[in-house]
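# Notes for the structure review
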2 protein chains.
Amino acid sequence: MTLLYSKEDRLLVAVDCIVLGFQDKEINVLIVKRKLNPLKGGRSLMGGFVRKNESLNEAVARVGAGYTGVENVYMEQVGAYGEVNRDPGGRVISVVYYALIDMHRFDEQLKDRHNTEWVNIKNVGALILDHRRFLDDALHHLRLQSATHPVGFNLLPERFTLPQLQSLYEAIYARDLDKRNFRKKILEMGVLEKLDEKDKSSSKRGAFYYRFNKEKYDYMVKNGVDVSFI
Amino acid sequence: MTLLYSKEDRLLVAVDCIVLGFQDKEINVLIVKRKLNPLKGGRSLMGGFVRKNESLNEAVARVGAGYTGVENVYMEQVGAYGEVNRDPGGRVISVVYYALIDMHRFDEQLKDRHNTEWVNIKNVGALILDHRRFLDDALHHLRLQSATHPVGFNLLPERFTLPQLQSLYEAIYARDLDKRNFRKKILEMGVLEKLDEKDKSSSKRGAFYYRFNKEKYDYMVKNGVDVSFI
DNA sequence: TTTTTAAGTGTGCGAAAAACACTTTTATAT
DNA sequence: ATATAAAAGTGTTTTTCGCACACTTAAAAA
């Protein structure tokens, strides 16, 4: 069975995991100082090779969890990159994903261990190989995805306020949004639950917490109600 | 240099090429009777393995041209699929693309040689492995892409009529469009050139030929004019 | 009790999308 | 020559949606 394709070339397949988080009105990406040659010490995304007995999804979840300590994370595939000489270390096909995590769940201890740091996406600068392109493509994908699907909530804690949510979308789209229009539209969709408690950390008055009702959203989608996002 | 990653597993990497064409108001996909085991004789998309010294793009162009005789084809990547057991013939990562071709350029002689046939996308039915999912994902991608980019023209000859173009978009979106609204919108964009000649093949009156002016479109995009499609 | 600061709230206008039906052209049939 | 048939071509009205816009409220701190 495993000999059927025996004459074909076999290649290294890597996954690269772009870990994104949101804090203080900014989107941040986890950047690592690369541990191996070539380009040891260079600023890099988190990558790893796909093993014979794991799927792409399993591989990227493994790599992501290794650097963040967070499991069961929302991920999207950006695409596969396969130029012959994209990696001077060898012929490597790279499949790129981005992961959206709640930064509060990030395991800070892993930061020193792996030499990672959170960098505001506005200030990332150059990265090794074609990683800068991976990041740009991922952010482009995220913007498209955010406009039609409720993916942003994965970057927030379970309970969040409307000002927080607005600043998240402002960070994703890199432009200011009108407060009244934003609130009107997001509340009209009917997938946010207002809670009784307030977050007082950023104002005297405090802002009510909300929660995303995924069950209701899924139900609406299943029944053909079109729920387009912001 | 090539020994740097020597301990890592190497995998088979395939490209699958979904060849789409348009004729008689219908979108068709090229389906092949598979030549090799396993699943020899099954209804399949066109695939091939990526060689050590070719990029993904080169591989898929090679595979596509082998079955259609058409080169320099518009292609889009759909994604990479990497479940461990997706192919009973071995551990294969598949990177899926779709190609949009003008069916008039298709080399009919290759049809018999490779046992291919054009099938209306409405009547494709079951395919081997996860190819049915590849096709569904590709069509989804094509719909999104068509709404924002002028990709449909790749499915038409250089000269086409507005009724043809409309029926193409109707096929892509699988719904009827209003003739007046369609024509108004597409002409207002200012990227179609009306020619003097008429196509008389489908009506007594005849319909004027048009041509897509890619240079003008690119110029408009470069200068920030947003040209959204239908 | 005054001040400060962010949270919260409603309306009106303009542009774009969607609905809608008749006229024109011309080959073919009578 | 005239009638017919069949698809191409053409504008206007209505509706919807996005976008601009400014004041009030709550509550801690001074």
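Right above here is the structure, for reference.
Reference entry: report on the structure contained in this document. (Residues numbered from 1 in each chain as written. Chains lettered and ligands numbered in written order. Predicted model: local features only at pLDDT ≥ 70, side-chain atom pairs only at ≥ 80, totals over all residues. Heavy atoms only, no water.)

## Describing the interface of chain A and chain B
Contact residues are listed per partner, giving 39 residues for chain A and 38 residues for chain B. Summed over both sides, the interface between chain A and chain B buries roughly 3,200 Å², with carbon and sulfur atoms accounting for 61% of that surface. Seen at the junction of chain A and chain B, the total is zero salt bridges. There are 17 residue pairs in polar contact (both at pLDDT 80 or more) connecting chain A and chain B. Looking at the side of chain A that touches chain B, the elements that each hand over two or more residues are β1 (12-23), α1 (56-68), β5 (74-81) and β6 (92-100) of chain A. Broken down by element, the residue count for the side of chain A that touches chain B peaks at four residues, all from β5(A). Residue composition of the side of chain A that touches chain B, by class: 18 nonpolar, 10 polar and 11 charged. (Contact = heavy atoms within 4.5 Å. Buried area = accessible area lost by both parts, 1.4 Å probe. Salt bridge = Lys/Arg side-chain N within 4 Å of Asp/Glu carboxyl O. Polar contact = N/O pair within 3.5 Å; in protein donor to acceptor, adjacent residues only side chain to side chain. Helix = DSSP H or I, 4+ residues; strand = E, 2+ residues; numbered from the N terminus. Nonpolar A, V, L, I, M, F, W, Y, C, P; charged D, E, K, R; others polar.)

## Digging into the protein's contact with DNA strand D
In the vicinity of DNA strand D there are 21 residues, among which A:R205, B:K179, B:R180, B:R183 and B:R205 approach most closely. Per the 4 Å cut-off to the protein, sugar and phosphate atoms form 42% of the nearby atoms of DNA strand D. Contact distances for DNA strand D include 3.5 Å between a base nitrogen and a side-chain N or O atom of A:K184. Measuring from a base nitrogen of DNA strand D, one finds a side-chain N or O atom of B:K179 at 2.8 Å. Looking at the surface near DNA strand D, the elements that each hand over two or more residues are α5 (179-188) of chain A together with α5 (179-188) and β10 (207-212) of chain B. Among the residues forming the surface near DNA strand D, the class breakdown is three nonpolar, four polar and 14 charged. (Near = heavy atom within 4 Å.)

By themselves these figures say nothing about function.
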